[in-house]
Amino acid sequence: MACFLVPVAEAIVVTAVKRKVEKKERESALCQNGLQEELQAESGKISEIAEKSSKIPWGRKLRWLSNLLWGGSFLLLIEHIWHGEVVPWPPFLTAMGNPADMAGMFQEMAMVGTVMTLAVTGVWALMVWFAEHKLSDKQLAPAKRPAEK
Amino acid sequence: MYLIITAAAAVSATVAWYATAPQNRYKLNVLCLIYWGAAIMWLCDFIVAYISEGGPFPEMSAEAALLGIVVVICGAAAWLVYLLVCDPKGVFKKILKEEPQK
């Protein structure tokens, strides 16, 4: 009926957080670039900052989650329009016209919508873990090679 | 049926993304995430419905198949809009900056 509204709500929150995080990361990247240049000019050493920046930025991770949530919700919206559960005129949800249907709609949102949102977030968490794991493997690989010989 | 069609589209998009990675000039990662997001959500919907109501899993009908095709086309259209807005190859910049031929 309107289960896709729960992932939409999470997508709105995630997008807002993502924008803030990306803004912070851009600012800190600018600061780091300035600091790195100073350090390199002074001693020519590779700074700790470069090591930190090799991790996957949170803005990018949150973009994956927002794409999953917005994309999935959009296709579910198409399905709901197809089934006549969403209409282009107010109140937009056909279940809103009948109090008995409204109760069912809220129950479905609480049940199916929550499960959907948790599942998508869980899959995203696995994706992030896998990507971080792969990245740490790549970073360790050059260090391991001389020992293997 | 639309769950199967969307999952098949998600797998195909992921294969295409991996084949063209790491360049990602066509932002296929976004298409993958659109289809995977929908596939996960429908899978949850079907599982919850199957547990609470029972019945066929998944729904097999011509209408459901048609809906699956429509959904895949809509997902591709959303990705195309995103691609044109982002313009990762800078096609619009090149076209618009190009001087008119005499």
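Residues numbered from 1 in each chain as written. Chains lettered and ligands numbered in written order. Predicted model: local features only at pLDDT ≥ 70, side-chain atom pairs only at ≥ 80, totals over all residues. Heavy atoms only, no water.

Draft legend 1. Local environment of unusual backbone geometry. Here the amide bond leading from P90 of chain A into P91 of chain A is cis, since omega sits at 5°, within 30 degrees of zero. Omega for the bond connecting A21 of chain B with P22 of chain B falls within 30 degrees of zero, at 0°, which places this linkage in the cis form. If you trace the backbone, P22 of chain B turns up in the loop between helix 1 (2-20) and helix 2 (28-53). Here K27 of chain B, not a glycine, exhibits a phi torsion of approximately 50°, which is positive. Position of K27 of chain B relative to the elements: it lies in the loop between helix 1 and helix 2. (Helix = DSSP H or I, 4+ residues; strand = E, 2+ residues; numbered from the N terminus.)

Draft legend 2. Local environment of the UniProt feature "transmembrane region" (unreviewed entry) in chain B. Residues and elements named next belong to chain B. As recorded in UniProt, the feature "transmembrane region" (unreviewed entry) lies at residues 26-52 and 64-85. Helix makes up 93% of residues 26-52 and strand makes up 0%, while its end C-alpha atoms are separated by 41 Å. Structurally, residues 64-85 comprises 100% helix and 0% strand, and the distance from its first C-alpha atom to its last is 31 Å. (UniProt positions renumbered as here; feature names shortened; annotations may be inferred.)

Draft legend 3. Seen up close, the side chain of T117 of chain A. Residue and element names in this part refer to chain A. Turning to its location among the elements, T117 is positioned in helix 4 (residues 99-148). Taking relative accessible area as the criterion, T117 reaches 10% and is therefore assigned buried. Here the side chain of T117 touches G113 through a polar contact of 2.7 Å, landing on its backbone oxygen. (Buried < 20%, exposed > 50% of the residue type's maximum accessible area, 1.4 Å probe, protein only. Polar contact = N/O pair within 3.5 Å; in protein donor to acceptor, adjacent residues only side chain to side chain.)

Draft legend 4. Spotlight on the environment of I73 of chain B. Residue and element names in this part refer to chain B. By secondary structure assignment, the location of I73 is in helix 3 (residues 62-86). Here I73 falls in the exposed class, since its relative accessible area comes to 54%. Measuring from C-alpha to C-alpha, the distance between I73 and A16 comes to 17 Å, with 57 residues separating the pair along the chain.

Draft legend 5. Layout of the packing of aromatic side chains. Throughout the structure, instances matching the rule amount to four aromatic pairs over all chains. Considering the side-chain rings of Y2 of chain B and W42 of chain B, the 5.1 Å spacing of their centres and the 65° angle between planes classify their relative orientation as edge-to-face. Here W42 of chain B lies in helix 2 and Y2 of chain B lies in helix 1, a separation of 40 residues in the sequence. Taking the relative accessible area as the measure of exposure, Y2 of chain B reaches 4% and is therefore buried. The rings of Y2, W42 and F46 of chain B are connected pair by pair, giving a single aromatic cluster. If you follow K61 of chain A out to its NZ or CZ, it ends over the ring of W58 of chain A, 4.2 Å from the centre. (Phe/Tyr/Trp six-rings, centres within 6.5 Å; stacked < 30°, edge-to-face > 60°. Lys NZ or Arg CZ within 6 Å of the ring centre and 35° of its normal.)

Draft legend 6. Molecular detail of the packing of helix 1 of chain B against helix 2 of chain B. Residues and elements named next belong to chain B. One way to put it is that helix 1 packs onto helix 2 with a least axis distance of 8 Å and a crossing angle of 155°. By the angle class used here, helix 1 and helix 2 are roughly antiparallel. Relative to helix 2, helix 1 is oriented so that their crossing is left-handed. Two secondary-structure elements touch here, helix 1 through Y2, L3, T6, A7, A9, A10, V11, A13, T14, A16, W17 and T20 and helix 2 through L28, N29, L31, C32, Y35, W36, A38, A39, W42, L43 and F46. For the contact of helix 1 with helix 2, the residue count by class is 19 nonpolar, four polar and no charged. (Axes fitted to C-alpha atoms, helices over the stretch in contact; angles between N-to-C directions. Parallel < 35°, antiparallel > 145°, perpendicular 65-115°, else oblique. Left-handed = near helix turned anticlockwise from the far one by under 90°. Contact = heavy atoms within 4.5 Å. Nonpolar A, V, L, I, M, F, W, Y, C, P; charged D, E, K, R; others polar.)

Draft legend 7. Geometry of the UniProt feature "transmembrane region" (unreviewed entry) in chain A. Residue and element names in this part refer to chain A. In this numbering, the UniProt entry assigns the feature "transmembrane region" (unreviewed entry) to residues 62-82 and 109-131. Structurally, residues 62-82 is divided into 100% helix and 0% strand, and its ends, taken at the C-alpha atoms, are 30 Å apart. Here residues 109-131 is 100% helix and 0% strand, with 31 Å between the C-alpha atoms at its ends.

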